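Chain by chain, the residues run as shown.
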Amino acid sequence: WYQRRVRPQNPKGRTGISGRGSLHRWGPNHAADTVVTRWHRGADGTITMMENKPVLEFVAILRAGDKYDEWAIPGGRVKPNERVFDAIKREFSEDALANLARPESEQTKISEMLTEHFNLGITIYKGYIDDPRNTDNAWIETIAVNYHDSTGVASQSFLCKRRAVRWV
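Residues numbered from 1 in each chain as written. Predicted model: local features only at pLDDT ≥ 70, side-chain atom pairs only at ≥ 80, totals over all residues. Heavy atoms only, no water.

**Regarding the pattern of salt bridges**
Overall, the coordinates contain 6 salt bridges when judged by the stated rule. Asp-136 is the partner of Arg-14 in a salt bridge, and the nearest nitrogen-oxygen pair spans 2.9 Å. Highlighted residues: Arg-14 in the segment before β1 (27-39) and Asp-136 in the loop between β7 (122-128) and β8 (138-148), separated in sequence by 122 residues. Across the pair Arg-90 and Glu-91 runs a salt bridge whose closest N-O atoms are separated by 2.8 Å. (Salt bridge = Lys/Arg side-chain N within 4 Å of Asp/Glu carboxyl O. Helix = DSSP H or I, 4+ residues; strand = E, 2+ residues; numbered from the N terminus.)

Below is the structure:
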């Protein structure tokens, strides 16, 4: 007898596109996003206030697209059998720190700093995300973790000095 293969169904309903599309896996495709924040500081080092509230900044990276460029938070796909914490460190290192282009000694120092700083992260979202790559049978689920640098010093010293990474 013939048994029909059952494809996973997008939990948010139909998108109008069947199959996997550009995603790697059927069903949920896991991602990890890093939201690194700090308080904006003036030239004298004091926290900038607007309407009696401190101004928050976050690290953004410029993703080059086919039709247009867009600013995004650092993040990407979690590889098979990879821990989410390791994916977060890897993606932030690649996206925001240009870690692959640095000497090995500096990469080790950055990895140690990230391990220490990122242990204090707070999960701010976990679940389905609306993404143009989602299909009827494959979709993206993410975990977004916030790392707040209250002094503004730790993350600033390691950020890449290229145009594609900035505090917004």
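There's plenty left to go through after this.
**So, the packing of helix α1 (residues 84-95) against helix α2 (residues 104-118)**
Two numbers describe a pair of packed helices, the interaxial angle and the distance between the axes. Taken N-terminus to C-terminus, the directions of α1 and α2 make an angle of 130 degrees; their axes are 11 Å apart at the nearest point. Judged by the inter-axis angle, α1 sits oblique to α2. The way α1 lies across α2 gives a crossing that is right-handed. Contacts between α1 and α2 involve Phe-85, Ile-88, Lys-89, Phe-92 and Ser-93 on the former and, on the latter, Ser-111, Leu-114, Thr-115 and Phe-118. Here the contact of α1 with α2 is built from residues that sort into 5 nonpolar, 3 polar and 1 charged. (Axes fitted to C-alpha atoms, helices over the stretch in contact; angles between N-to-C directions. Parallel < 35°, antiparallel > 145°, perpendicular 65-115°, else oblique. Left-handed = near helix turned anticlockwise from the far one by under 90°. Contact = heavy atoms within 4.5 Å. Nonpolar A, V, L, I, M, F, W, Y, C, P; charged D, E, K, R; others polar.)

**Things to note about the nonpolar core**
The biggest cluster of nonpolar side chains holds 19 residues, and the ones touching the most others in it are Val-36, Val-59, Phe-92, Leu-114 and Phe-118. Those elements that place two or more of their residues in this core are β1, β4 (56-63), α1, α2, β8 and β9 (165-167). Looking at which element gives the most residues to this core, the answer is α2, with 4 residues. Ignoring anything within four residues of it in the chain, the contact list for Leu-114 reads Lys-89, Phe-92, Ser-93, Leu-97 and Asn-119. (Core = buried A, V, L, I, M, F, W, Y, C linked by side-chain atoms within 4.5 Å. Buried < 20%, exposed > 50% of the residue type's maximum accessible area, 1.4 Å probe, protein only.)

**A closer look at unusual backbone geometry**
Its identity is not glycine, yet Glu-51 carries a phi of approximately 55 degrees, on the positive side. Within the secondary structure layout, Glu-51 lies in the loop between β2 (49-50) and β3 (53-54). The exposed category is assigned to Glu-51, whose relative accessible area is 74%. At Asn-52, a position not held by glycine, the phi torsion is positive, near 65 degrees.

**What about the pairing of β8?**
With 9 of 11 residues buried, β8 is to be regarded as a mostly interior element. With 6 bridges joining them, β7 and β8 adopt antiparallel strand pairing. When the sheet's bridge partners are listed, Gly-127 is paired in β8 with Thr-142. (Pairing = 2+ DSSP bridges.)

**Digging into the environment of Lys-12**
Among the structural elements, Lys-12 can be located in the segment before β1. Residue classification places Lys-12 among the exposed positions, given a relative accessible area of 61%. Each C-alpha atom, one on Lys-12 and one on Tyr-128, is 8.5 Å from the other, the two residues being 116 residues apart in sequence.

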